[in-house]
Amino acid sequence: MNVVLMPMWLLSGGLFPSKARHWTMATLMRLNPLFYGVTALRTRPAPGRRHRRPVHAFLLARDGRLCGSVTRLAVWETNRRSAESLS
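Numbers given to residues run from 1 along each chain, matching the order in which its sequence is written. At least 70 in pLDDT is required for a residue's local features to be given in this predicted model, at least 80 for side-chain atom pairs to be given and counted, and no such filter applies to totals for whole chains, interfaces and linings, which use all residues. Hydrogens are left out, water is left out, and the side-chain values use all remaining heavy atoms of the structure.

### What to know about the overall build of the chain
On a plain count of helices and strands, the chain comes out with 4 helices and 0 strands. In this text, helices come from DSSP runs of H or I with a minimum length of four residues, and strands from runs of E with a minimum of two, each type numbered from the N-terminal end. Counting from the amino terminus, the chain carries its helices and strands in the arrangement α-α-α-α. Looking at the chain residue by residue over its 87 residues, the buried ones come to 17%. Relative to all contacts within the chain whose residues are 6 or more apart in sequence, the contacts with residues 24 or more apart total 36%. Values of accessible area rely on a 1.4 Å probe in the Shrake-Rupley scheme; residue burial ignores everything except the protein chains shown. Carbon and sulfur atoms make up 67% of the accessible area of the chain, which totals about 7100 Å². The rule is simple: take the accessible area with a 1.4 Å probe, protein chains only, and divide by the maximum for that residue type; under 20% is buried, over 50% is exposed, in between is partly exposed. It only takes one pair of heavy atoms within 4.5 Å for two residues to be counted as in contact.

Rendered as C-alpha cells:
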C-alpha cells in the first residue's frame, strides 16, 4: 500500500511548493487526485475574507465526485464478490 500512497503524497504538492516545478512534474502532479485536495486546502480563504477565485469550490466539487465514484466502485465490487462467494 505504501508503494502507491507515498508517491501520491510526494506528488500532491504537500511536501514541496508546486510553483517551482518542471513541466514533467507539473503533468504528473495534475494527474494525481491528491493534488486537487491539497490545492483546495491551500487556496482556502481566511476567516472573514471573501474568496476571489472560484477554484476552491471547483476543487472541492471535483474531490467530492472522485470520492463518490470510488465509494460506489468499492460497494459494487464488495457486493459482486459476496454474491460470488454465496453461489
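### Points about the nonpolar core
Membership of the largest hydrophobic core is limited to 5 residues, which are Met29, Phe35, Tyr36, Ala40 and Leu59. Among the elements that line this core, the one with the most residues is helix H3 (residues 33-42), at 3 residues. In these notes, a set of buried Ala, Val, Leu, Ile, Met, Phe, Trp, Tyr and Cys residues joined through side-chain atoms within 4.5 Å is what counts as a nonpolar core.

### Considering the side chain of Asn32
With respect to the helices and strands, the residue Asn32 is situated in the loop between helix H2 (23-31) and H3. Under the relative-accessibility criterion, Asn32 is labelled buried at 6%.

### Here's the deal with a nonpolar patch on the surface
A patch consists of residues exposed above 30% relative accessible area that lack any salt bridge, with like charges linked at up to 9 Å and nonpolar side chains (Val, Leu, Ile, Met, Phe, Trp, Tyr) linked at up to 5 Å. For salt bridges, the criterion is a side-chain nitrogen of Lys or Arg within 4 Å of an Asp or Glu carboxyl oxygen. A surface patch of nonpolar side chains, about 450 Å² in accessible area, is lined by Met6, Trp9, Leu10, Leu15 and Leu34. By the secondary structure assignment, Leu10 is in helix H1 (residues 2-10).

### Section: the environment of Val38
Mapped onto the elements, Val38 comes out in helix H3. When the C-alpha positions of Val38 and Gly13 are compared, they lie 6.8 Å apart, and in sequence the two are 25 residues distant. Those residues in contact with Val38, other than ones at most four positions away along the chain, are Ser12, Gly13 and Gly14.

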